[in-house]
Protein chains: 2
Amino acid sequence: MNSVKSQRQVFSVALLFGLLLPLMVQASEPLPSWSDGPAKKDIIAFVHAVTDQTSKDFVKPAERIAVFDNDGTLWSEQPAYFELLFAFDEVKRTAPQHPEWKTIQPFKAVLENDHKALAATGMDGLLKIVGATHGGMTTEAFDDYVKTWLSQARHPKTGKPYTDMIFQPMLEMLDYLRSQDFKTYIVSGGDTGFMRAFAEKIYGIPPEQVIGTTFVTEFEYKDGKASIVRTSKLAHNDDGPGKPVSIDAVIGRRPILAFGNSDGDLQMLQWTAAGGGKRFMGLVHHTDGKREWAYDRDSKIGRLDKALDEAKSRGWTVVDMTSAWRRIYPFEPVVKEQMQ
Amino acid sequence: MNSVKSQRQVFSVALLFGLLLPLMVQASEPLPSWSDGPAKKDIIAFVHAVTDQTSKDFVKPAERIAVFDNDGTLWSEQPAYFELLFAFDEVKRTAPQHPEWKTIQPFKAVLENDHKALAATGMDGLLKIVGATHGGMTTEAFDDYVKTWLSQARHPKTGKPYTDMIFQPMLEMLDYLRSQDFKTYIVSGGDTGFMRAFAEKIYGIPPEQVIGTTFVTEFEYKDGKASIVRTSKLAHNDDGPGKPVSIDAVIGRRPILAFGNSDGDLQMLQWTAAGGGKRFMGLVHHTDGKREWAYDRDSKIGRLDKALDEAKSRGWTVVDMTSAWRRIYPFEPVVKEQMQ
């Protein structure tokens, strides 16, 4: 009888702890790197509305799909998309196997760091560089190349590994959403295989939740050895209208939250906004030339023009990086107070 | 004090129940519709090996990817793929909007139930029928058409709704795998949108885990109304080598378990088998002409020839439907004992 009673007491303590723990976790303030301004308020209000079972806007966990652009939304994208810098470095690394590159464009320009000549080759030159560095190997080999590059390459301005140049406030937002049973996806113009090489490690986003630009691949099978070989033929360009198209093709559900930073994200935001019920549409506005980069309407990379107008007219959440983010990168010290 | 004590008692009972429930569930035998034969033994041994933390073959939950073909593996596929029967019915339903179909093939043959003339139009005719019934509408409208058809159409032999002609033993296997933290996917030659219309309801497989044949889609946006419009241009044929290709593109991880029933699943099984560590490769062998259909090497639909040879020579699990399955469809009575 005594032992039953003491067992009961142990159970009760364990149970009380079990009941209290979620409350304690919830009590810790989400989004600590966000200033107490309108953007943070919008995010929290939205999450409360769709997760509160008594709310008219309640959304079942299975339907809590959140999509994020990558370049400029989850990590920086200046002075050029990091994937492009990878491609340039890969041209240099593999140049010994392609002696002809010394004399033909756009490779000659890359090897000679001739930005002007490179720019002159335009989109056609760019596609050749991407084709030469992203195709003609197995998906596993490509994954290795990206991981090796990420472990060695350093950003020209900050001197940091590219995978350190991720936005601390967005990491907190991803965590916060997942703690509320959201499924977080990347939907980006970047190559799917390129992003999968780091997305799980730095964002906690597993490969099956990474959607991006894809190239045609082929199954090869020889002597019991199987591989998927990447070609340089474009299969899907995951930019602009390509984003809602890939969301529908891969996820098959309409997101209730979408976050981007450029006109290339506009259709994804429109597609999200056009669903029934409560929705969250967000844009990162790169206004902080001191801590990051300041650019919008006239930028060649991450141009934000039409989407900014539409966001303002429709009341979407525009995140003014300067005032909304107390800290930008995880390697920066925590700022206690910040003017708003 | 008294109320605290009674509260404690309520807690204790609740807690005991909470502790016992998982044990009780675990104690109930998995796969009750499977005979106690080699196939059931193989499945359970594999699941134990990869989920036991002390096993050398342990696989982390995130990497427990299981892929299943649909036609002939999760539901029947005779006398023709059910999706094709849907397409024929759709031709008839929409014929009033296409008076020209009365005189041109392959539509004339469908409208007149002229199997011989239809067969004569070959693959070209088939693609025209699929194009006319699967393209030119929004993905939401297509989803509605499929659901409406499924709710009304009946199988010519059994008189049952098509969604009842699913394999009870495979439903149990899907449940069993998910209870062991596997992520279950469909990877099928069927149209992704067609399968998404029922996969969650009948198999518990959500839209984002349905991979199939896809057609090019387009984003349309007008006056704040957004839609994804299906075209009849093939984007990806998810059969044969197309299966490992789509698995790599969409999931980005190699499965540790694959189940099919025809030569169209061979490359998916090879891709799964070629990964490191313990793997499970399974084939449903349609041997039961009495309860279902008996066909393999010479069948036009679900031809199982090369894959059967490879399964036998490599020791993959071949499920002899007659002896391995005590019950085929959920609407059949439970059979207590079955000769093996």
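Residues numbered from 1 in each chain as written. Chains lettered and ligands numbered in written order. Predicted model: local features only at pLDDT ≥ 70, side-chain atom pairs only at ≥ 80, totals over all residues. Heavy atoms only, no water.

(A) Region of interest: the overall build of chain A. Each helix and strand in chain A was counted, giving 13 helices and eight strands. Counting only C-alpha atoms, chain A reaches 85 × 55 × 40 Å along its principal axes. Counting all 340 residues of chain A, 54% fall into the buried class. Of the contacts formed within chain A by residues at least 6 apart in sequence, a portion of 64% connects residues at least 24 apart. (Helix = DSSP H or I, 4+ residues; strand = E, 2+ residues; numbered from the N terminus. Buried < 20%, exposed > 50% of the residue type's maximum accessible area, 1.4 Å probe, protein only. Contact = heavy atoms within 4.5 Å.)

(B) Representation of the nonpolar core within the structure. Counting residues in hydrophobic clusters, the biggest one holds 70 residues, and the most contacted among them are W34, F68, M170, M173, Y203 and W325 of chain B. The residues touching F68 of chain B, leaving out its near neighbours within four places in the chain, are L74, M170, M173, L174, L177, T184, Y185, I186, V187, L257 and F259 of chain B. (Core = buried A, V, L, I, M, F, W, Y, C linked by side-chain atoms within 4.5 Å.)

(C) Molecular detail of the packing of aromatic side chains. Taken as a whole and judged by the stated rule, the model has 42 aromatic pairs over all chains. Between F167 of chain A and W325 of chain A, the ring centres sit 5.3 Å apart and the planes meet at 50 degrees, which makes this aromatic pair tilted. Here F167 of chain A, found in the loop between helix 7 (139-152) and helix 8 (168-179), pairs with W325 of chain A, found in the segment after helix 13 (321-324); they are 158 residues apart in sequence, far enough to count as distant. Both residues of the pair, F167 of chain A and W325 of chain A, belong to the buried class. When the centroid spacing of 6.2 Å and the interplanar angle of 10 degrees are considered together, the rings of F219 of chain B and Y221 of chain B count as stacked. With relative accessibility at 14%, the residue F219 of chain B sits in the buried group. (Phe/Tyr/Trp six-rings, centres within 6.5 Å; stacked < 30°, edge-to-face > 60°.)

(D) View of the pairing of strand 6 (residues 257-260) of chain A. Residue and element names in this part refer to chain A. Burial along strand 6 is two-sided: the residues L257 and F259 and A258 and G260 are all buried. With three bridges joining them, strand 1 (residues 65-68) and strand 6 adopt parallel strand pairing. By the bridge assignment for strand 6, F68 is matched with F259. Sheet topology places strand 6 next to strand 7 (residues 280-285); four bridges connect them, and they run parallel. Directly across from F259, in strand 7, lies its bridge partner G282. This β-α-β element, strand 6 to helix 11 (residues 266-273) to strand 7, shows right-handed connectivity. (Pairing = 2+ DSSP bridges. Right-handed = clockwise from strand over helix to strand, strands pointing away.)

(E) Inspection of the relation of the copies chain B and chain A at higher detail. For the pair chain B and chain A, the relating rotation is 180 degrees, the translation along its axis is 0.0 Å, and the fit reaches an RMSD of 0.0 Å. Such a combination of turn and shift is consistent with a two-fold rotation axis. It is V250 of chain B whose C-alpha, among those of chain B, lies nearest the rotation axis, at 3.4 Å. The fraction of interface residues of chain B whose copies in chain A are also interface residues reaches 100%, indicating that both copies meet through the same surface. (Least-squares fit on C-alpha atoms with pLDDT ≥ 70 in both.)

(F) Structural context of the interface of chain B and chain A. At the interface, 41 residues of chain B touch 41 residues of chain A. For the pair chain B and chain A, the summed buried surface comes to about 3400 Å²; carbon and sulfur atoms form 57% of the total. The interface formed by chain B and chain A includes eight salt bridges. With its nearest N and O atoms 3.2 Å apart, the salt bridge here joins R254 of chain A to E140 of chain B. (Buried area = accessible area lost by both parts, 1.4 Å probe. Salt bridge = Lys/Arg side-chain N within 4 Å of Asp/Glu carboxyl O.)

(G) Quick peek at the side chain of T213 of chain B. All names here are of chain B. When you line up the elements, T213 lands in strand 3 (residues 210-222). A polar atom in the side chain of T213 sits 2.8 Å from the backbone oxygen of G189. With near-sequence residues (within four places) excluded, T213 lies in contact with S188, G189, G190, D191, T192, L234, H236, N237 and D238. (Polar contact = N/O pair within 3.5 Å; in protein donor to acceptor, adjacent residues only side chain to side chain.)

(H) View of the confidence of the model for chain A. Mean pLDDT over chain A stands at 92; residues scoring 70 or higher make up 90%. Among the prediction metrics, the complex's ipTM stands at 0.89, with pTM recorded as 0.90. (pLDDT = per-residue confidence, 0-100.)

(I) Highlighting the sheet that holds strand 3 of chain B. Residue and element names in this part refer to chain B. The strand order across the open sheet formed by seven strands is 4-3-2-1-5-6-7, and the pairing between neighbours is mixed. The open sheet is flanked by strand 4 (225-236) and strand 7 (317-320), the only strands paired with a single partner. Averaged over all neighbouring strand pairs, the angle between strand axes comes to 30 degrees, with direction disregarded. Across the sheet, helix 12 (residues 306-314) lies against strand 6 (280-285) and strand 7, angled at about 130 degrees from strand 6, the strand it touches most. (Axes fitted to C-alpha atoms, helices over the stretch in contact; angles between N-to-C directions.)

(J) Focus on the environment of T121 of chain A. Structurally, T121 of chain A is set in the loop between helix 5 (115-120) and helix 6 (122-134). Each C-alpha atom of the pair T121 of chain A and P106 of chain A lies 6.2 Å from the other, and the pair is 15 residues apart in sequence.

(K) Summary view of unusual backbone geometry. Residues and elements named next belong to chain A. Here the amide bond leading from Q105 into P106 is cis, since omega sits at 5 degrees, within 30 degrees of zero. Position of P106 relative to the elements: it lies in the loop between helix 3 (82-94) and helix 4 (107-111). The phi dihedral of N113 is positive, around 50 degrees, even though this residue is not glycine. Considering the arrangement of structural elements, one finds N113 in the loop between helix 4 and helix 5.

(L) Region of the structure containing the environment of Y295 of chain B. Residue and element names in this part refer to chain B. Relative to the assigned elements, Y295 resides in the loop between strand 6 and helix 12. On a C-alpha basis, the gap between Y295 and H285 in space is 8.1 Å, while along the polypeptide they are 10 residues apart. Those residues within four positions of Y295 in sequence are excluded, and the remaining contacts are G72, E77, Q78, N261, H285, H286, I301 and G302. A polar side-chain atom of Y295 sits 2.6 Å from a polar atom in the side chain of E77.

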